[in-house]
Amino acid sequence: MPRGHEKLIGGYVAAPMPSDDIGADRRSDYRDAFMPIVFDRISLINRRIMTDCVRDRGLTGIHASYLLALGFKEGLTLVELSRLLDIDAANTNRVVKALREKNLVYDNRTTPKSKKFCIFLTKEGRELTDTIMDEIQSGMDGFFRGIPKTNVDLTRLTLIRMIRNTDSRFQDYIGLGEVDSEEADYDEDERGHSPFMIS
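Residues numbered from 1 in each chain as written. Predicted model: local features only at pLDDT ≥ 70, side-chain atom pairs only at ≥ 80, totals over all residues. Heavy atoms only, no water.

Draft legend 1. Spotlight on helix 4 (residues 78–85). Looking at helix 4, one finds that the buried residues are L78, L81, S82 and L84. The buried residues of helix 4 occupy an angular sector of 165 degrees when projected down its axis, which confines them to one face. Looking one or two residues beyond helix 4, the residue adopting positive phi is D86, at roughly 55 degrees. (Buried < 20%, exposed > 50% of the residue type's maximum accessible area, 1.4 Å probe, protein only. Helix = DSSP H or I, 4+ residues; strand = E, 2+ residues; numbered from the N terminus. Arc of directions from axis to C-beta.)

Draft legend 2. Expanded view of the packing of aromatic side chains. Applying the stated rule across the entire model yields one aromatic pair. A ring pair is formed by Y106 and F120, whose centres lie 5.5 Å apart and whose planes are at 25 degrees; its orientation type is stacked. Of this pair, Y106 sits in strand 1 (residues 105–107) while F120 is found in strand 2 (residues 119–121), placing the two residues 14 residues apart along the sequence. Assessed through its relative accessible area of 42%, Y106 is described here as partly exposed. Residue classification places F120 among the partly exposed residues on the basis of a relative accessible area of 23%. For the cation-ring pair, R109 lies above F117, with the distance from its terminal atom to the ring centre recorded as 4.0 Å. (Phe/Tyr/Trp six-rings, centres within 6.5 Å; stacked < 30°, edge-to-face > 60°. Lys NZ or Arg CZ within 6 Å of the ring centre and 35° of its normal.)

Draft legend 3. Examining helix 7 (residues 149–166) more closely. Taking 1.5 Å of rise per residue, the 18 residues of helix 7 would be expected to cover 26 Å, and the 26 Å separating its terminal C-alpha atoms lies within 8% of that figure. Buried within helix 7 we find T150, V152, D153, L157, I160 and R164. (Expected span 1.5 Å × (residues − 1).)

Draft legend 4. Structural detail: the nonpolar core. Residues L67, L81, L99, V105, I119 and I132 are the most contacted members of the largest nonpolar core, which totals 28 residues. The biggest single contributor to this core is helix 3 (residues 61–72), with six residues. The contact partners of V105, leaving out residues within four places of it in the chain, are L67, L70, V96, L99, R100, I119, F120, L121 and T122. (Core = buried A, V, L, I, M, F, W, Y, C linked by side-chain atoms within 4.5 Å. Contact = heavy atoms within 4.5 Å.)

Draft legend 5. Representation of the environment of M140 in the model. With respect to the helices and strands, the residue M140 is situated in helix 6 (residues 123–143). Overall, M140 belongs to the partly exposed group, its relative accessible area being 23%. Linking M140 and N46, residues 94 residues apart in sequence, is a C-alpha distance of 8.7 Å.

Draft legend 6. View of a nonpolar patch on the surface. Judged by side-chain polarity, M35, F39, L159 and M162 come together as a nonpolar surface patch covering roughly 310 Å² of accessible area. Every element with two or more residues in the nonpolar patch is listed here: helix 2 (24–54) and helix 7. L159 sits in the partly exposed class, given a relative accessible area of 34%. (Patch = residues over 30% accessible without salt bridge, like charges linked within 9 Å, V, L, I, M, F, W, Y side chains within 5 Å. Areas by Shrake-Rupley, 256 points an atom, 1.4 Å probe, with all protein chains shown as cover. Salt bridge = Lys/Arg side-chain N within 4 Å of Asp/Glu carboxyl O.)

Draft legend 7. Spatial organisation of the packing of helix 3 against helix 4. One way to put it is that helix 3 packs onto helix 4 with a least axis distance of 11 Å and a crossing angle of 110 degrees. The angle between helix 3 and helix 4 falls in the class roughly perpendicular. Across the interface between the two elements, S65, Y66, A69 and L70 of helix 3 pack against L81, L84 and L85 of helix 4. For the contact of helix 3 with helix 4, a count of residues per class yields six nonpolar, one polar and no charged. (Axes fitted to C-alpha atoms, helices over the stretch in contact; angles between N-to-C directions. Parallel < 35°, antiparallel > 145°, perpendicular 65-115°, else oblique. Nonpolar A, V, L, I, M, F, W, Y, C, P; charged D, E, K, R; others polar.)

Draft legend 8. Structural detail: unusual backbone geometry. Backbone geometry places D86, a non-glycine residue, at a positive phi of 55 degrees. By secondary structure assignment, the location of D86 is in the loop between helix 4 and helix 5 (89–101). Assessed through its relative accessible area of 71%, D86 is described here as exposed. Even without being glycine, N103 reaches a positive phi, approximately 60 degrees. Tracing the sequence through the fold places N103 in the loop between helix 5 and strand 1. By relative accessible area, N103 is classed as partly exposed at 43%.

The analysis is restricted to geometry; functional conclusions fall outside its scope.
Spelled out as structure tokens, the structure:
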């Protein structure tokens, strides 16, 4: 993990919780309303980690997010990348151009004027993407420090379900449909047979 991010992960200020006399339903509403701030905070920390990984190449966390997207699924078109990252096509085109100039990605266009082509990571791009993934994983390990593995796995599957509820197309890009069997198996936890149980 890049130096300094330990403080970011451990130094957040907890939001004051409402008193018990307002009732359980109101406290639940309060926590739900605060969740966007939690997600935004985690996203901010991860963005800083990604930026640190590519800063020496003159790139930012935005560029790193494109590398990660291609790391999940190579061969995406500009339109598919735009949809996956929810960034307009014009900006996606500029980012991909910058990554191509840094020899981090290439495409399979047959002529310079080809408008439809797929984008892939170069060897150097793959190595950098792996580094970014390792650093993000290190950061996530910090987020989940002290939390039982079963809770972490349940959180992961819950977030995937939330993504599905938010954007059904998202799973098509990174293969989230493949977790169906895992979710079914995880439900077996009630009978003590979860594959995620720590041995």
